[in-house]
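Residue strings, one per chain:
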Amino acid sequence: MLALKDSELQTLIETALAEDAPYYDLASEAIFQGQTGTVDLIAKQEGILCGLPIFQAVFTYLQEDSQFDSFIQEGERIEKGQTILSIQAKATTLLTGERVALNYLQRLSGIATATRRFVDALEGTGIKLMDTRKTTPGFRNLEKYAVRVGGGYNHRHGLSDLIMLKDNHIGAAGSITAAVQAVREVDPFIHKIEVETENLDMVKEAVACGVDIIMLDNMDHDQMAEAIAYIDGRAIIEGSGNMTADTVSRIKDLDLDYISSGAITHSAGILDLSMKNFRVN
């Protein structure tokens, strides 16, 4: 489900439309005099469809009685050449909203497609794929929604959700032990603690501190296997660092709980979709 309040969704759409058409669509307003039209949304690439709620909301914002005839549902796989839906509204509504609506839909479908490809690569392992905070500023809710539609899981939404001790925290505190002690003095039990580790010594220290989650960051296969054996169920284990659908085969035999990948959001690209067959009714 799209985790945006109506007011948040409206703000996103208003901002995008103000950027694209600060006054109105000069060409469409000149050519169409109150005429209605119909246009089809066509897939030019195969992938996972994601973002229909915000796609449709763009046209509904411009014209409340816009009509949609959907043939493919949110989260379904689409094939090249398929008609996803048809929209009927004023011609000016269709052409004014076209680029903004497509920008949202293409971006979110690209993330969902990249996520599904990664999830498919992990099939049969029991390892779950998580995203990261490497998202487009202001679009995190949407992009993390697309990860879920693609079959992945969300890591923490932001810095306030989980105590995650990374290299800078540990370096400034002097050690993992010191960093964990510092956060427990302020937040003794409310939030889980995750520690980023880079070698077996750090893993051993994190286990000794009794943290909830241990990230194995940028370790090779043998290092991860050794770390997993040492942890032995005493913490949730997350693998991270240069994880992609193409490279994940090297760790599929490891007993990881999760792997996290920034690539499924920051490097996903778009899914090629287009509004075609525009006709005036």
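Residues numbered from 1 in each chain as written. Predicted model: local features only at pLDDT ≥ 70, side-chain atom pairs only at ≥ 80, totals over all residues. Heavy atoms only, no water.

Before going further, it helps to examine the pairing of strand β8 (residues 193-197). The element β8 is largely enclosed, with a buried count of 5 among its 5 residues. On β8, burial covers both faces: I193, V195 and T197 on one face and E194 and E196 on the other are all buried. With 4 bridges connecting them, β8 and strand β9 (residues 213-217) associate as parallel partners. Across the sheet, residue V195 finds its bridge partner in β9, namely I214. With helix α8 (residues 200-209) bridging β8 and the parallel β9, this β-α-β connection has right-handed handedness. (Buried < 20%, exposed > 50% of the residue type's maximum accessible area, 1.4 Å probe, protein only. Helix = DSSP H or I, 4+ residues; strand = E, 2+ residues; numbered from the N terminus. Pairing = 2+ DSSP bridges. Right-handed = clockwise from strand over helix to strand, strands pointing away.)

Moving on to the side chain of T132. Mapped onto the elements, T132 comes out in the loop between β6 (128-130) and α5 (140-149). Given the relative accessible area of 15%, T132 is considered buried. Polar side-chain contacts of T132 include one of 3.0 Å to the backbone nitrogen of K134. Leave out the neighbours within four places in its chain, and T132 touches K144, S260, S261 and G262. (Polar contact = N/O pair within 3.5 Å; in protein donor to acceptor, adjacent residues only side chain to side chain. Contact = heavy atoms within 4.5 Å.)

The side chains of a regular strand alternate between both faces of the sheet. The buried fraction of strand β1 (residues 36-43) amounts to 7 of the 8 residues, a majority that puts the element mostly inside the structure. For β1 and strand β5 (residues 83-90), the ladder comprises 7 bridges, and the chain directions are antiparallel. Residue pairing in the sheet places I42 in a bridge with T83 of β5. Note that β1 and strand β12 (residues 273-280) share 6 bridges and pair antiparallel. Opposite A43, over in β12, you have L273 as the bridge partner.

Next up on the list: helix α7 (residues 176-186). Where α7 is concerned, the buried positions are I176, A179, V180 and V183. Looking straight down α7, one finds its buried side chains confined to an arc of 95°; they lie on one side. On its buried side, α7 packs onto β7 (163-165), α6 (167-173), β8 and α8. (Arc of directions from axis to C-beta.)

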